[in-house]
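# Inside the fold
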Amino acid sequence: MKADDVAARGAAADAPGLQVEVEQRLPMPLAGGFGCAAGELLALVGPSGAGKTSMMRVVAGLTRPQSGRVVVGGRVWLDTATGVCLPPQARHVGLVFQHYALMPHLSALDNVALALLELPRAERRSRARHWLEHVQLAPELHARRPAVLSGGQQQRVAVARALAREPALLLLDEPFSAVDQMSRQGLYRLLADLRRELAVPIVLVTHDLAEARLLADRMAVIDAGRVLQQGSPEAIHRAPRNARVADLVGLQNRFRGRWEGPAAGAPGRGWLRWLPDGAAGHPDPAAWPRLAVLDKGRIVPGSPVTWVLPGDAVRLLDAAASASPAAPGPGATGHADTVRLPARVAEARHLGEITLATLDLPGLPGTSLRLTLAGPRRRRIAAGDRLDVELDLDGVHVMPAREPGNLPPAA
Amino acid sequence: MIERGRAPVASSGELLPRSAARRRLLRQALATAAAVAAPGLRAQTPAATVAAASDLKFALEEIAADFERAGGARLRLVFGSSGNLSSQILQGAPFHLFLSADEAFVFRLADAGRTVDRGRLYAVGRIGLLVPQGSPLRPDGTLQDLRAAIADGRLRRFAIANPAHAPYGMRAREALQHAGLWDALQPHLVLGENVSQAAQFATAGAVQGGLVAHSIALAPAVARQVRFDLVPAHWHRPLRQRMALLRGAPAAARDFHDHLATPSAQAALARHGFEIPHPPARE
Amino acid sequence: MDWTALVLSLKLAAATLVVLLPIGLALARWLAWGRFAGKAWIEAAVVLPLVLPPTVLGYYLLVGVGGGSPIGRWLHETLGVQLTFSFSGLLLASIVFNLPFMVQPVQRAFEAIPRELTEAAAVSGLGFWQTLARVELPLAWPGILSAMVLTFVHTMGEFGVVLMVGGSIPGQTQTIAIAIYDRVQAFDFASADRMALLLLVLSLTAVAASFLASARLVRRR
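Residues numbered from 1 in each chain as written. Chains lettered and ligands numbered in written order. Predicted model: local features only at pLDDT ≥ 70, side-chain atom pairs only at ≥ 80, totals over all residues. Heavy atoms only, no water.

Residues and elements named next belong to chain A. Here chain A is partitioned into domain 1 (3-248) and domain 2 (254-400). Here domain 1 meets domain 2 over a buried area of about 630 Å², counting both sides, of which 54% is carbon and sulfur. If you sort the residues of domain 1 by the area they bury against domain 2, Arg238, Pro240 and Ala243 come out on top, with a joint share of 53%. Between the two partners, domain 1 and domain 2, sit one salt bridge. The shortest N-O distance in the salt bridge between Arg254 and Asp247 comes to 2.8 Å. Taken together, the connections running from domain 1 to domain 2 amount to two residue pairs in polar contact (both at pLDDT 80 or more). Those elements that place two or more of their residues in the side of domain 1 that touches domain 2 are helix H9 (233-238) and helix H10 (243-248). With three residues, the single largest contributor to the side of domain 1 that touches domain 2 is H10. Taken together, the residues of the side of domain 1 that touches domain 2 break down into four nonpolar, two polar and three charged. (Domains from an automatic or database assignment. Buried area = accessible area lost by both parts, 1.4 Å probe. Salt bridge = Lys/Arg side-chain N within 4 Å of Asp/Glu carboxyl O. Polar contact = N/O pair within 3.5 Å; in protein donor to acceptor, adjacent residues only side chain to side chain. Helix = DSSP H or I, 4+ residues; strand = E, 2+ residues; numbered from the N terminus. Nonpolar A, V, L, I, M, F, W, Y, C, P; charged D, E, K, R; others polar.)

The next subject is the sheet that holds strand S1 (residues 48-53) of chain B. Residue and element names in this part refer to chain B. Across the sheet, five strands lie side by side as S2-S1-S3-S10-S4; this open sheet has mixed pairing. Strand pairing shows two members of the sheet lacking a second neighbour, strand S2 (75-80) and strand S4 (120-125), which therefore form its edges. Taking the axes of each pair of neighbouring strands and ignoring which way they run, one obtains an average angle of 20° across the sheet. Bridge count for S4 against strand S10 (residues 239-245) is five bridges, and the pairing is antiparallel. The residue of S10 that forms the bridge with Ala123 is Gln241. Packed on one face of the sheet, helix H2 (residues 57-69) meets S1, S2 and strand S3 (97-99) and runs near 175° to S2. (Pairing = 2+ DSSP bridges. Axes fitted to C-alpha atoms, helices over the stretch in contact; angles between N-to-C directions. Contact = heavy atoms within 4.5 Å.)

This part takes up helix H4 (residues 103-111) of chain B. Residue and element names in this part refer to chain B. Along H4, the residues that are buried comprise Glu103, Phe105, Val106, Leu109 and Ala110. With its buried residues spanning 155° around the axis, H4 presents them on a single face. Opposite its buried face, H4 presents the exposed residues Arg108 and Asp111, each directed more than 90 degrees away. Close packing links the buried residues of H4 with helix H3 (82-90), S3, S4, helix H6 (167-178) and S10. The N-capping residue of H4, defined by a side-chain oxygen 2.9 Å from the backbone nitrogen of Ala104, is Asp102. Looking at the residues trailing H4, positive phi occurs at Gly113, about 80°. (Buried < 20%, exposed > 50% of the residue type's maximum accessible area, 1.4 Å probe, protein only. Arc of directions from axis to C-beta.)

Counted according to the given criterion, the structure contains ten aromatic pairs over all chains. With centroids separated by 5.6 Å and ring planes inclined at 65°, the aromatic side chains of C:Tyr59 and C:Tyr60 adopt a geometry described as edge-to-face. Three or more aromatic residues link up through ring pairs in this structure, and these residues are A:Phe255, A:Trp274 and A:Trp307. Residue placement shows C:Arg115 over the ring face of C:Trp33; its charged tip is 5.2 Å from the ring centre. (Phe/Tyr/Trp six-rings, centres within 6.5 Å; stacked < 30°, edge-to-face > 60°. Lys NZ or Arg CZ within 6 Å of the ring centre and 35° of its normal.)

Residue and element names in this part refer to chain B. When we look at burial in helix H12 (residues 263-271), the residues that qualify are Ala265, Gln266, Ala268 and Leu269. Mapping the buried residues of H12 onto a view down its axis gives an arc of 160°, with all of them on the same face. In H12, those exposed residues whose orientation departs by more than 90 degrees from the buried face are Pro263 and Arg271. Each element contacted by the buried residues of H12 is listed here: H2, S4 and helix H11 (251-259). Among the residues trailing H12, Gly273 stands out with phi positive, at a value near 95°.

Here we come to the pairing of strand S13 (residues 269-275) of chain A. Residues and elements named next belong to chain A. With seven of its seven residues buried, S13 lies for the most part within the structure. Neither face of S13 is left uncovered, since the one carrying Arg269, Trp271, Arg273 and Leu275 and the one carrying Gly270, Leu272 and Trp274 both have all their residues buried. In this structure, strand S12 (residues 253-262) lies alongside S13, joined through six bridges in antiparallel fashion. Bridged to Trp259 within S13 is Leu272. Between S12 and S13, which pair antiparallel and follow one another directly, the connecting turn spans six residues, one of which, Gly265, has a positive phi of 85°. Two elements, S13 and strand S14 (residues 290-294), share five bridges in a ladder whose sense is antiparallel. Bridge pairing links Trp271 to Ala292 in S14.

Have a look at this one:
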């Protein structure tokens, strides 16, 4: 278990929030854990089939893992070591299903009232009405059946039903996947309000990274049933643990290199030799640029590494009139915080409001930068244009190459 | 409680006015039906069950009605082929008195210990050729016309009771064998489960005729639509019809058993085409 | 018109329904949602009476629980019960013979309920019986209704098994279907006419009513 994970989970463990540990091989391999404090929103992120929903079902009590432990608000919901396994009814968990799972034969009001069966009938209906108003479902819709409600309205009913139990934990399974943009904005607002009002952990399962970064305080990246990394979205984005995590959080620029060791005369910095991918290119490492990047003190000098550069650490500039002083060469990078390299646009695909660009680096054969440009960083570029790129070296994150999951980048 | 703006769709547990009315209607209908059926249910349950060969259908119904009118108990009558009925008795059927069309079945039951004694001969039956209205066959008991009809193609189908378990069917086969017609008739035969069904087949339309019990041909319901001629009695083994009380039979069954020996019952049997053994022999 | 026979048939159909409904519901639900080895065999056994000739069933019942069999003798000696030529025998035969009619539609109805709904119910705090009563049964109701009607109508029309196992004892085992057979043999066509027509109208009405009810229920969803 990595130190930062322990720290991350530890922070959550102090607060009366959620702690999950799961380990199983069958029927689906799951490994790892995550945590979330009360009032925090944790996004469980990963590609389809990664096991996010399975993890969620374990937390909700719908499936029982081979071994695991779930503690919410100090109460033990599941502990296979001691044989404790509360059924879903006893857990007081609010679960909003991906396809809402509303009872088709009951009105919206009765659907919410279903979660309130302990109360007498009259009180049940008034509480249900209260919750429906809370999620801003118009009163004339309360008596309608789900079939005649829109997707967004159905989701609000599902949320109201989940909240009616006054749960100790709120789980949302891909809540935005089936919703149109307009309703989505409304739901973002609803979610923000809930975070503020409820003092419970909220877990959001999603494969949409952008949403996770937008809404979540913390993120847990899952792939093939394994929790790869936990932390705040920025932290993961800036410092992915390995190449797989880097891929999953959408870091497109991943390169090979060798860590040469601390940079003399520049405390806190070390030399990273940028190496070509594959057999093509100069075999002589000295011909390749050396970058002075942040030294986090974790990597043994001389070891091969993988390093990533987030898109926002790359700036596009007009090509310098004369030969760039930052032409590749030994020591050319000096001690500056940025490095400037000439680049040529290999392809530029314009899609609505974004541009997907691939830039070749002539000084570094076989290497290219992939960028998604949007908003102010967008330029009218076309294939064949010559530009300069300025790399912010503080954005470079270096990972040891022998870590499992450090596969060569896909072509 | 009706809320303002609520759509006219009932949520679970609440009735629309229409359904409520329908339910009331249904309840009333059921109550009426029960009242109608009740008399049938409350009627006096029969005191004994009599199993009789189906050739006795019309005769026995008359005799049992007389018996009841004369102060006797109410009886339940079950008809079928003698073979079927004796098989059912062996299987435990709740019959009290068995009137067989063939004494062999009674002896078999007696040997199996099911009867009180070896029974009493109550009648001798006869078979004959039954020809429905409009049939190309002639009611000729010597079966000459039948022979001709087979040859010239007038005959397509001919009904008899199943010889495997119906005495009247067995006798029909014997008579046909005697007349040398059995083999020729094979492809045309229609077998009734009992002689009553054979007669019904014979009058059903697609069948040109059959060999059935005299007693059935005499029944008013049948007689008006058929012509009939007896087959010579010596062409087959006699239909010695024997009856026996079964073990555990109640008094009512015993009474009826005795009643069948009375002159009035005997006269009824004679009217229905049976020959009465004089005096009622006990063997 | 043989009222005794009609009443007997109605009694048999009603009794079959009363006994078979809980059994059928439980079995159907178990088959719909259970996952266990041998499930295919059990489903085949349930469907068997549908494809089996009535006489085969009747034969095995006669031989298996009839007066001559060990079970039959035991029943008669210890409980005083006789299963052949009696109403209870008919009821037993009817229950076995109607099993697929009761189980199959209900099983399909339960299978059609998305698992998510029962999970949502569990997460909302509903126990097993509450989920059954408030979620599963209302959703399966059209299937249950059609199963009940099918069973009722099928029992009214049962012939082969009843004849073999029950004989044709008026008031005890002569159901209306057998009574029609009997009346025809007795050349009483008027009676047979009336009874046959009654059965036809009854069956048609019941089935049509059940379809209408199902359609209405589906529309309301």
